[in-house]
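Each chain, written out:
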Amino acid sequence: MKLVGALVANFREAAGMTQRELAQRALLHLDMVASIEQGRRLLKPDLARALDGILDTKGALETAVANMPEIDLIPAWAEEYMDLEREAIALSWFENQVLPGLLQTENYAQAVFLSKVPAMSEDEIVAQVAARLERQEILHRKEPPTISFVIAQAVLMDRLGGARVFREVLQHLRRWADLPGLTLQIMPVGQKQHAALDGPFTLLETPDHQHLGYTETQRGSQLVSDPDEVSLLAQKYAMLRTQALNAEDSKDLLDRLLGEQ
C-alpha cells in the first residue's frame, strides 16, 4: 500500500498537480488523496483506473493494484464492506467478542484499540476511533437502515475501559434498544445450543436488494457474495434470533445490569 501510494504521489508531482488539485479532478476529499499517498488507505481498482486517466499513466496504477500481494489486499474487503454498509437498507449483525462498531461509544472504541496487540500509536488510535464514530452516521440518516443485532451476553460482562466506560456502554445500548427500526437481542450465557459457534458475521441488503455477508478473522476479512454461502449465514442468523432473548427480555437484562452498577 505504501509503494502504490508513493507511485500516486510521484505521478501527481510529475503531472504538476497538488494533492488538492488531484482531489478536485478526481472528485475526492483532500484527506483521501493524502491517505492513499501515505499508504494508509487502499487504492481501489476503479479509482486506480480513474487516476491513470487523469495522470496519463497508461494503466500503471491499475496494474500495480491488480498485482498487490494478497496480504495487502485484505483491507480491500473491509473498505468495500464499509462502502456497502453506508448504503445498506438492512443490516443483521452477530457479535460474540466485542460490541458491534455501530454501537460503540467513543470511550469504548478507544479501549478496543488500546487492547490491540501489537500496540497502536496514539495517532493511529485517534484516527481509528474517529473513523468508527463516523460509520455510525448511517444510524442518523433520514431513512436509516433496518438493523438487527444479536450480541453475546459475555460481551456485556467484559469491562473494557473500566467501570465508568462499562456503565456508559450499558446506558448507550439501553437507549438504542428503544429506537424504531433497530432490534437488539442478547444471547444469554449457559446455552445448550448455539447456531454460530464459528464466530461473528454480518449480513446486509443493498439498495438494489443484493444480499451479502461479511466475516472477520484475526488476520483478515471476507466479503461473501455467493448466494449459497449467504443463505447459510442467513439460516444461522434466523436460528440465533430464536435462541437469543427477545427484544423486551434483552431490555430487561440491560436494566438489571444497570441496576447492579
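Shown above is the structure to which this text applies.
So, here is what we can say about the structure in this document. (Residues numbered from 1 in each chain as written. Predicted model: local features only at pLDDT ≥ 70, side-chain atom pairs only at ≥ 80, totals over all residues. Heavy atoms only, no water.)

### Details of the environment of A131
No. 1: As for its position among the elements, A131 is in helix α8 (residues 122-135).
No. 2: Look at A131 and you get partly exposed, because its relative accessible area is 37%.
No. 3: Remark: the alpha-carbon pair of A131 and L254, spanning 123 residues in sequence, is separated by 27 Å. (Helix = DSSP H or I, 4+ residues; strand = E, 2+ residues; numbered from the N terminus. Buried < 20%, exposed > 50% of the residue type's maximum accessible area, 1.4 Å probe, protein only.)

### So, the environment of H29
No. 1: You can see H29 is positioned in the loop between α2 (19-26) and α3 (30-37).
No. 2: Linking H29 and Q19, residues 10 residues apart in sequence, is a C-alpha distance of 9.7 Å.

### Here we look at the packing of aromatic side chains
By convention here, two paired aromatic rings are described through the distance between centres and the angle between planes.
No. 1: Summed over the entire model, instances satisfying the criterion amount to 4 aromatic pairs.
No. 2: On the numbers, 6.0 Å between centres and 35° between planes, the contact of W93 with F149 is tilted. Taken together, the residues W93 in strand β1 (residues 90-95) and F149 in strand β2 (residues 146-152) connect sequence positions 56 residues apart.
No. 3: The class for W93 is buried, based on a relative accessible area of 8%.
No. 4: The exposure class of F149 is buried, given its relative accessible area of 0%.
No. 5: Measuring from centroid to centroid gives 6.1 Å for F94 and F201, while their planes differ by 50°, and the two rings are tilted. Residue F94 is located in strand β1, and its partner F201 is located in strand β4 (residues 201-205); the two are separated by 107 residues in the primary sequence. Across this residue pair, the class does not change: F94 and F201 are buried.
No. 6: Ring pairing ties together the aromatic residues F94, F201 and Y237, which thus form one cluster.
No. 7: A cation sits over an aromatic face here: R159 above F166, 3.8 Å from the ring centre. (Phe/Tyr/Trp six-rings, centres within 6.5 Å; stacked < 30°, edge-to-face > 60°. Lys NZ or Arg CZ within 6 Å of the ring centre and 35° of its normal.)

### Here's the deal with the nonpolar core
No. 1: L91, L99, L102, F149, L173 and L184 are the most contacted members of the largest nonpolar core, which has 36 residues in total.
No. 2: Broken down by element, this core gets its largest block of residues, 6 residues, from helix α10 (residues 163-176).
No. 3: Among all residues touching L102, those that are not within four sequence positions of it are E85, L91, W93, R135, Q136, I138, L139, I147 and F149.
No. 4: If you look at the next biggest cluster of nonpolar residues, it comprises 18 residues, including L22, I36, L55 and V65. (Core = buried A, V, L, I, M, F, W, Y, C linked by side-chain atoms within 4.5 Å. Contact = heavy atoms within 4.5 Å.)

### Side note on the sheet that holds strand β5 (residues 211-217)
No. 1: The mixed open sheet is built from 6 strands, whose spatial order is β3-β2-β1-β4-β5-β6. Here the strands that pair on one side only, and so sit at the sheet edges, are β3 (182-187) and β6 (220-224). Each strand axis lies, on average, 10° off the axis of its neighbour in the sheet, ignoring direction.
No. 2: In the sheet, β5 pairs with β6 via 5 bridges, with the strands oriented antiparallel. For T217, the partnering residue across the bridge sits in β6 and is G220. (Pairing = 2+ DSSP bridges. Axes fitted to C-alpha atoms, helices over the stretch in contact; angles between N-to-C directions.)

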